[in-house]
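# Structure assessment
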Amino acid sequence: MMLGILAHKPANMNTARRYAVQRLGFGVLILASLLVVAPILFVIGAIIARGVGAINWEFLTAMPRDGMKAGGIFPAIVGTLLLTLGTALVAIPFGVGGAIYLAEYARDTWLTRAIRLAIVNLAGIPSVVYGLFGLGLFVLFLGFGTSIVAGSLTLAIMTLPVIISTSEEALRSVPVEFRTVSASLGGTRWQGIRNIVLPQALPGIITGVILGLLRAGGETAPILFTVAAFFLPRLPQSPLDQTMALPYHLYVISTQVPGMPAEIQYGTALVLLALVLSLNVVATVIRSYFRRKRQW
Amino acid sequence: MNQPTIQPTNQPTNPKIRIEHVSYTYDDKTVLRDVTLAVPAHAVTVFLGPAGSGKSTLLRLINRLNDVLDHTRLDGRIFLDDQDIYARGVAVSDLRRRVGMVFALPLPLPGTIRENILYGPRLAGLRDRGRQEEIVVRCLTQAALWDEVKDRLDSPAVSMSGGQQQRLCIARSLALEPEVLLLDEPTSGLDPISTSKVEESLFELKQQYTIIIVPHSVQQAARVADHAAFFLTGELVEYRPGRELFTAPRDRRTEDYITGRFG
Amino acid sequence: MNTSSRIRLSEFAVEALVRVAGFSTIGFVLLIFLFLLREGIPVFLQVPLDNLFGTRWYPTFDFFGTLPLILGSLLITFSAIVIALPLGVAAAVFVREVAPNWAREILKPMIEVLAGIPSVVLGFFGMSLVAPLIRTTLGVPTGLTAFTGALILAYMALPTLISVAEDALDSVPKSYRDASLAMGATQWQTIWRVVVPAARSGILTAVMLGMGRAIGETMAVMMVTGNAARMPTTLDSLFRPVRTMTATVAAEMGEVAQGSTHYHALFGIGIILFLITFLINLAAASAIFQKRRRGGLR
Ligand SMILES: Nc1ncnc2c1ncn2[C@@H]1O[C@H](COP(=O)(O)OP(=O)(O)O)[C@@H](O)[C@H]1O
Ligand SMILES: [Mg+2]
């Protein structure tokens, strides 16, 4: 029925003209794709070009000085690593566990559909709303205060849908026959999962976990009111301390501190970008390496 | 209901498996209708019929492999040695250790040849190295594979040819010393030489095991069957000793099928 | 304890644990909504509705009109989609239908890279490089405008939009293409008149998910839109500063006294944001689920 449109075309429509239209159309597609890609390269190129001059050993390992206008961004880097670690501790067991439940155990019931719906919606909730939630539940109600614990928990819940979705996909890509064979040899469900399915799905799960954690590590809005500190003269001493964090630090020095040297801003942006993108590449390389290596 | 003859005439007094009034539906599609038959021990029974007539489903039910599927419904009962296998409290993995299964496509698990053979015994708790070694040798020999692979037990199972992989799968299911062996078109992907090797090993194996096989052709069925059951769209049409069913079928539909009129 | 009962116990324990993990997602959604309500409901009791949905947001003077914020969010979200839709669909069509392998191998990772760039980095880039460019080329008083925000948001929505649109194109049966080509249509005619129309419901889903992503975006938007809480009702609003719901919460929560009306009002905005994104994602998800059921999962 859709093809009807074509059928009504005069059969002798000038072929040359049709191919001219096609060239034009393809030209537009190529142009649009360039418009998508070029700014990405430009962002990365500009930040590298303007920020690389700021990068040196001191910048990476020293505390900030002179109202953050000199010195390094060490506490922000450490803070982001700590937050990411805290996020991992919570998000990995819940995320991978949830994925195992959905891929291996869940039956097709309305409750399972409710879980899927919950995951879609968790993925869609704005990051700043996670911040509000973390403030309400972890900082105030549970009394953790603005702390690494509160921030990590908030980030972990935000990251959960990413980890669940990617891990579930990795588990589902393991052929169902492996489970059947394992069962037919007297394996229980969990034995099949542990001995066959999980090892095969592991690279995909690791990739998903890294991507999810990177997203958490690069987020600002959820940590604004749950953990992030404008400036701290020392590193956090306990999980109940506040901490500086790279993304928030970039926000602070680019909007809240007048007279900030541009090089430090770009340098901070570059460190954050380099961390995130390099691990991103690692994650995708893991996935494609094992995808090529596997035997099914 | 007007049931056809459902017991082979030489029915042993104590059948290994009894299937009683089994009906089965996927979603809303009924694929087995009130099937009743008894499978004798130490013999080869073939389940015969065109594609889609429910043979694989019935085999999977005997091993409870369809337990994990959603939106299915099983009526009737299946007994193994007079024990209802779907009764409450039956340990499914114990059942599956007693009933081995080989699938149409060779499905080696990731890992080496040795690991494939030992997968079941290790899950069952076997740690002893010597016993493991014995099992590997015995199963590969029984499946007529030992001579071909004895020098590369630790190479990946997927490095074998298709025919070897399928015999590995048979060997793997023998490792648990099951009482029953279910084979679902085990030779459908194999060349004629591998096929006859598998068939030969069946003759050896039936001394020890109760075997149900879905053959991949009528010819194969006639070669191996002690007893034969003919299925059509989920119904058991005729079930008799193999020689009788293939030489003098009673039902018109059976005759059409074995003379090739169904394709 | 013997082996088989130990196995049975661990079997039971594992299933219970992963079940808890799975169901925790429902718990978290409920918990989030509950705490937004808990902290947000008071504002609806303390401030009359005509004030809450009025046109002025001056919390210091007890004006809690959220209308300019809602309209601000809608303005840049729709503008962003207007920019992103043609770019995204064209890029998806190019990747799926036309591009030679080498071009695909460049494009796909680039789009993944874009998805990976933290929003604060894009915001920083927008305010320090894009905004000045917009100020000089358009001759407006400030480069921090709704348009700048829409531009950045469009690029942030692109990865979602492109990947969902790609799936939609992918699910168009090959037979449609073959039939069209067999009737003598060029590849372009096939794409334009058969493939894209057949994928339109999937593309609509892509647009919705992109919109959900855009309306909730916070940091980048806050850094490039100038944050003036004025009603974007005039024609030139697109090239003036604007303020979104997300930016308002992010910028003001740090300064409010806990328990004040202003504090509750910010949670009230959180409720609105939650409901909007919930509805958008519900719609998109039901479209996706429906397709899956028809396709027969498993
Ligand atoms: N997992 C399943 N879900 C739904 N339908 C199935 C499934 N497995 C088999 N069927 C259907 O059940 C019918 C019988 O299939 P099967 O038992 O494989 O027959 P046979 O082995 O005789 O070819 C077929 O129509 C098939 O499409
Ligand atoms: Mg079959």
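What you see is a predicted model, and the numbers here were worked out from it, not measured in a lab. (Residues numbered from 1 in each chain as written. Chains lettered and ligands numbered in written order. Predicted model: local features only at pLDDT ≥ 70, side-chain atom pairs only at ≥ 80, totals over all residues. Heavy atoms only, no water.)

### Structural notes on the site of ligand 1
All names here are of chain B. Taken together, Tyr26, Lys29, Val31, Pro50, Ala51, Gly52, Ser53, Gly54, Lys55, Ser56, Thr57 and Leu69 make up all the residues around ligand 1. A distance of 2.8 Å separates an oxygen atom of ligand 1 from a polar atom in the side chain of Lys55. The separation between an oxygen atom of ligand 1 and a polar side-chain atom of Thr57 is 2.4 Å. Burial of ligand 1 by the protein chains amounts to 65% of its free accessible area of 560 Å². Elements with a minimum of two residues in the shell around ligand 1: strand E2 (29-39) and helix H1 (55-62). It is H1 that provides the largest number of residues to the shell around ligand 1, a total of 3 residues. In the shell around ligand 1, the residues fall into 5 nonpolar, 5 polar and 2 charged. (Near = heavy atom within 4 Å. Polar contact = N/O pair within 3.5 Å; in protein donor to acceptor, adjacent residues only side chain to side chain. Areas by Shrake-Rupley, 256 points an atom, 1.4 Å probe, with all protein chains shown as cover. Helix = DSSP H or I, 4+ residues; strand = E, 2+ residues; numbered from the N terminus. Nonpolar A, V, L, I, M, F, W, Y, C, P; charged D, E, K, R; others polar.)

### Side note on the state of the cysteines
Residues and elements named next belong to chain B. One pass over the full model with this rule turns up 0 disulfides over all chains. Free cysteine: Cys139, not disulfide-bonded; nearest cysteine sulfur from Cys169 at 13 Å. Take Cys139: its relative accessible area is 0%, and that puts it in the buried class. (Disulfide = S-S within 2.5 Å. Buried < 20%, exposed > 50% of the residue type's maximum accessible area, 1.4 Å probe, protein only.)

### A closer look at the pairing of strand E4 (residues 72-80) of chain B
Walk down a regular strand and you will see the side chains alternate between the two sheet faces. Residue and element names in this part refer to chain B. With 8 bridges joining them, strand E1 (residues 17-26) and E4 adopt antiparallel strand pairing. Directly across from Arg18, in E4, lies its bridge partner Phe79. Here E4 runs beside strand E5 (residues 83-84); their pairing, made up of 2 bridges, is antiparallel. Looking across to E5, one finds that Phe79 is bridged to Asp84. Between the end of E4 and the start of E5, which pair antiparallel, lie 2 residues, with Asp81 showing a positive phi angle near 50°. (Pairing = 2+ DSSP bridges.)

### What about the interface of chain C and chain A?
If you look at the interface, chain C gives 85 residues, while chain A gives 90 residues. Applying the counting criterion to the chain C and chain A interface returns 1 salt bridge. Here Arg287(A) and Glu112(C) are joined by a salt bridge, their closest N and O atoms 3.7 Å apart. Inspection of the chain C/chain A interface yields 11 residue pairs in polar contact (both at pLDDT 80 or more). The element contributing the most residues to the side of chain C that touches chain A is helix H1 (residues 3-46) of chain C, with 19 residues. Here the residues of the side of chain C that touches chain A are counted per class, giving 59 nonpolar, 17 polar and 9 charged. (Contact = heavy atoms within 4.5 Å. Salt bridge = Lys/Arg side-chain N within 4 Å of Asp/Glu carboxyl O.)

### Things to note about the domain arrangement of chain C
How big an interface is tends to be expressed through the accessible area that disappears when the partners come together. All names here are of chain C. Under the domain assignment, chain C is made up of domain 1 (1-46) and domain 2 (50-293). Its C-alpha centre places domain 1 at a distance of 32 Å from the equivalent point of domain 2. Counting residues at the interface gives 13 residues for domain 1 and 11 residues for domain 2. Carbon and sulfur atoms supply 82% of the area buried between domain 1 and domain 2, which totals about 1,100 Å² over both sides. Counting the contacts that link domain 1 with domain 2 gives 0 salt bridges. Looking at the side of domain 1 that touches domain 2 residue by residue, the classes come out as 10 nonpolar, 2 polar and 1 charged. (Domains from an automatic or database assignment. Buried area = accessible area lost by both parts, 1.4 Å probe.)

### Re the packing of helix H3 (residues 113-123) of chain B against helix H4 (residues 129-142) of chain B
Residue and element names in this part refer to chain B. Taken N-terminus to C-terminus, the directions of H3 and H4 make an angle of 115°; their axes are 10 Å apart at the nearest point. Between H3 and H4 lies a crossing of right-handed hand. Seen from H3, the contacting residues are Arg114, Ile117, Leu118, Pro121 and Arg122; seen from H4, they are Gln132, Glu133, Ile135, Val136, Cys139 and Leu140. Partitioning the contact of H3 with H4 into residue classes produces 7 nonpolar, 1 polar and 3 charged. (Axes fitted to C-alpha atoms, helices over the stretch in contact; angles between N-to-C directions. Left-handed = near helix turned anticlockwise from the far one by under 90°.)

### Topic: the sheet that holds strand E10 (residues 235-241) of chain B
Strand pairing in a sheet is mediated by backbone hydrogen bonds. Such pairs are either parallel or antiparallel. All names here are of chain B. Across the sheet, which stays open at both edges, the 6 strands sit in the order E6-E7-E8-E3-E9-E10 with mixed pairing between neighbours. Sheet topology places strand E6 (99-102) and E10 at the edges, where each strand pairs with a single neighbour. Direction aside, neighbouring strands of the sheet carry axes that sit 15° apart on average. Pairing between E6 and strand E7 (residues 180-184): 4 bridges, direction parallel. Counterpart to Met101 in the pairing with E7 is Leu182. Together, strand E3 (44-48), E6, E7, strand E8 (210-214) and strand E9 (227-232) form the strand contacts of H1, whose direction differs from that of E7 by roughly 150°.

### Looking at the interface of chain B and chain A
Contact residues are listed per partner, giving 26 residues for chain B and 20 residues for chain A. Taken together, the two surfaces of chain B and chain A that pack against each other cover about 2,000 Å², and 62% of this comes from carbon and sulfur. A per-residue breakdown of the area chain B buries against chain A is headed by Pro110(B), Tyr119(B) and Leu123(B), which together make up 28% of the total. If you look at where chain B meets chain A, you find 1 salt bridge. Connecting chain B to chain A are 6 residue pairs in polar contact (both at pLDDT 80 or more). Those elements that provide at least two residues to the side of chain B that touches chain A are helix H2 (92-98), E6, H3 and helix H6 (162-174) of chain B. By residue class, the composition of the side of chain B that touches chain A is 15 nonpolar, 5 polar and 6 charged.

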